[in-house]
Amino acid sequence: MHERLGDDLARLPQLLEQTGRYATDLLSGLETRAVAVPPAPRAARALPQEGKGLAGALEEFRRRWEPGFSGSAGPRYLGFVTGGATPASLAGDWLTSVLDQNPTSGLDSAAPDLEREVVGWLRELFGLGEAHSGAFVTGATMSNMVGLAIAREWLGEQAGVAVSDAGVGALGPVTVLSGTPHSSVFKALSMLGLGRNALRPVPTQPGRECVDLTELERALTALEGRPAVVVANAGTVNTGDFDDLRAIAALRERHPFWLHVDAAFGAFAALSPSHAHLVEGLDEADSVCVDLHKWGNVPYDSAVQFTRRRDLQIRVFRNSAAYLGRPTETPDLIHLTPENSRRLRALAAWFSLTAYGRDGHREIVERNMATARALGDRLSADPRWRLLAPVRLNVVCFTVADGPTADRIDRIVKTVAAGGDLFVTPTVLDGTWALRAAFSNWRTTPDQLDRIVDALDAAL
């Protein structure tokens, strides 16, 4: 054994304790750590020949790289819909690496069954019925891609071809309809060979990001019975808006289409009694995207996809090899998602759901929404700022009251980031340059509002 490896193995308990103390210091310093750290140029170093051992690597990371890392796990990182990691999910993630299980095969451990248990819990949490099955993937982009891959196979089924065998060329032109699709949907269509141009935007309701149902039906009618894919939204990134999922699903009585719902963070509205109506009809979707390292507050990367058509999912992702064992009635996870091997992403979610249950995660969701509404109220009362949409969920979309140009918004974003106390991102809503603040971190509380507002005011 290499000398450095042997020495680290002999001292592993002490080294892990040292790493644990360092991690504790990092977490304890989140309140004072810069929320965003503008990248600075740095020269890449040559690959070490012999290495420094774990202690040496830890020290070099502490000195060279850690100062440039942001406080994205903290309570005022509001630029993206990104949660932190609850204490239990953090412990589960550490144990994921310690146990180093590959859950895609059921030949050698109980890891796949743990993942199935978590998927069942999540299905219940989001109000999905037993017809939905699911599996873990990396994030919303991959969850959307898996759902649309199954949709592609369904389109082939309607045409009498197996796209998974014959290729996308056997399918012919495809139509995907959506009101306010997330950018990851376009990326997924590109990866699937359907092409970004397959998506035809459907007009939204005036002043909203939700699709106009009359316009959607008009677009479906124009297809004259040709099957299509409809991508609905449960929580848009700019304003947290929701399509009427039940009404969209009802259109299948007159038009053939696959209904995919991007509920990356909006699915968590189901936890709040006052907001659960927003996801009514989610169970009627053919496929659903949910991203757990958003409002689920588990570490990157962890998302889940659901579908009613596991048979089509297996047709797309099946992996046949003698060394993987014979197929069983309960398919191994290797046949459900793109990866043949991956980490046990479900363990962090298992720990968090076991530790805090439905009630604990509901409290996070409701507290985040209350804080978002409070920020909206503060900005509305200040003549220097202007809300661009009601705060429907956990996203606040706002702009300066006078002269919201691209350059001015960019300057505010950079000034806020340089201040180190807040991170928000720019966006454009109905042609207006704006800012968005997304509340999804379990650490965020209403008493953070003064610091948030002060950081925004200082950037004006």
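Residues numbered from 1 in each chain as written. Predicted model: local features only at pLDDT ≥ 70, side-chain atom pairs only at ≥ 80, totals over all residues. Heavy atoms only, no water.

(A) Local environment of the overall build of the protein. Summing up its helical and strand segments, the protein has 14 helices and 11 strands in all. Rg of the C-alpha trace for the protein: 23 Å, near the compact-globule value of 23 Å for 460 residues, within the 12% margin. Within the protein, the proportion of its 460 residues that are buried is 49%. Looking at the protein as shown, the accessible area adds up to about 20800 Å², and 54% of this sits on carbon and sulfur atoms. In the protein, which carries 47 positive and 55 negative side-chain charges, the distance between the mean positions of the two groups comes to 4 Å. (Helix = DSSP H or I, 4+ residues; strand = E, 2+ residues; numbered from the N terminus. Rg over C-alpha atoms; globule rule 2.2 N^0.38 Å. Buried < 20%, exposed > 50% of the residue type's maximum accessible area, 1.4 Å probe, protein only. Areas by Shrake-Rupley, 256 points an atom, 1.4 Å probe, with all protein chains shown as cover. Lys, Arg positive; Asp, Glu negative; His and termini not counted. Charge placed at Lys NZ, Arg CZ, Asp CG, Glu CD.)

(B) Local environment of helix α13 (residues 406-419). Over its 14 residues, α13 runs 20 Å from end to end, which matches the ideal 20 Å to within 8%, given 1.5 Å per residue. Of all the positions in α13, only Ile409, Ile412, Val413, Val416 and Ala417 are classed as buried. When α13 is viewed along its axis, its buried side chains cluster within an angular range of 130° and face the same direction. The exposed residues of α13 that point more than 90 degrees off its buried face are Asp407, Lys414, Ala418 and Gly419. In this structure, the buried residues of α13 make contact with β9 (395-400), β10 (425-429), β11 (432-438) and α14 (449-458). Directly beyond the C-terminal end of α13, a positive phi value near 80° is found at Gly420. (Expected span 1.5 Å × (residues − 1). Arc of directions from axis to C-beta. Contact = heavy atoms within 4.5 Å.)

(C) Seen up close, the pattern of salt bridges. One pass over the structure, following the stated rule, counts 36 salt bridges. Across the pair Lys414 and Asp410 runs a salt bridge whose closest N-O atoms are separated by 3.2 Å. Of this pair, Lys414 and Asp410 both sit in helix α13, 4 residues apart, which is roughly one turn of the helix. Its relative accessible area of 53% is what places Lys414 among the exposed residues. Overall, the relative accessible area of 34% leaves Asp410 in the partly exposed class. One salt-bridge network, in which partners are shared between bridges, spans Glu115, Asp301, Glu339, Arg342 and Arg345. (Salt bridge = Lys/Arg side-chain N within 4 Å of Asp/Glu carboxyl O.)

(D) How the structure looks around the sheet that holds strand β6 (residues 287-291). What the 7 strands build is an open sheet, ordered β1-β7-β6-β5-β4-β2-β3; its pairing is mixed. The open sheet has two edge strands, β1 (133-137) and β3 (199-201), and neither has a second partner. On average, adjacent strands in this sheet sit at an angle of 20° to one another, irrespective of strand direction. Pairing analysis gives 3 bridges linking strand β5 (residues 257-262) to β6, with the strands arranged parallel. (Pairing = 2+ DSSP bridges. Axes fitted to C-alpha atoms, helices over the stretch in contact; angles between N-to-C directions.)

(E) View of the environment of Ala135. Along the polypeptide, Ala135 turns up in strand β1. According to the relative accessible area criterion, Ala135 is buried, its value standing at 0%. For the pair Ala135 and Ile334, spaced 199 residues apart in the sequence, the C-alpha separation amounts to 9.8 Å.

(F) Structural context of empty space enclosed by the protein. By the definition in use, this model includes 4 cavities of 30 Å³ or more. A volume near 70 Å³ is recorded for the largest cavity. Lining the largest cavity are Leu122, Leu125, Phe268, Leu292, Gly296, Val298, Ala349, Ser352, Leu353 and His361. When contributions to the lining of the largest cavity are tallied by element, the ones reaching two or more residues are α5 (111-125) and α12 (346-380). For the lining of the largest cavity, the leading source of residues is α12, giving 4 residues. (1 Å grid on protein atoms, 1.4 Å probe; cavity = no way out; pocket = protein on both sides within 12 Å on 5 of 7 lines; lining within 4 Å. Points joined across faces, edges and corners; volume = space filled by probe spheres on them.)

(G) Molecular detail of the layout of surface pockets. What the largest pocket holds in volume is close to 1100 Å³. As for the largest pocket, its lining consists of 33 residues, of which Leu26, Leu27, Ala73, Leu90 and Trp94 are closest to the centre. Residue assignment for the lining of the largest pocket shows that the elements contributing at least two residues are α2 (12-28) and α4 (87-99). Approximately 440 Å³ is the volume found for the second largest pocket. His182, Ser183, Ser184, Val237 and Lys294 are, among the 27 residues lining the second largest pocket, the residues nearest its centre. If you list the elements that add at least two residues to the lining of the second largest pocket, you get α6 (140-159) and α8 (183-191).

(H) Quick look at the nonpolar core. Counting residues in each nonpolar core, the largest one holds 55 residues, and the members touching the most others are Leu122, Phe126 and Leu282. Of all elements in the fold, only α5, α9 (213-222), β4 (228-233), α10 (245-250), β5, β6, β7 (303-307) and α12 reach the threshold of two or more residues within this core. Among the elements that make up this core, the one with the highest residue count is α12 (7 residues). Sequence-distant contacts of Leu282, defined by excluding residues within four places in its chain, comprise Phe126, Leu128, His132, Leu245, Val261, Ala263, Ala267 and Val288. The next biggest cluster of nonpolar side chains, apart from the first, holds 27 residues, and it includes Ile150, Val185, Leu199 and Ala303. (Core = buried A, V, L, I, M, F, W, Y, C linked by side-chain atoms within 4.5 Å.)

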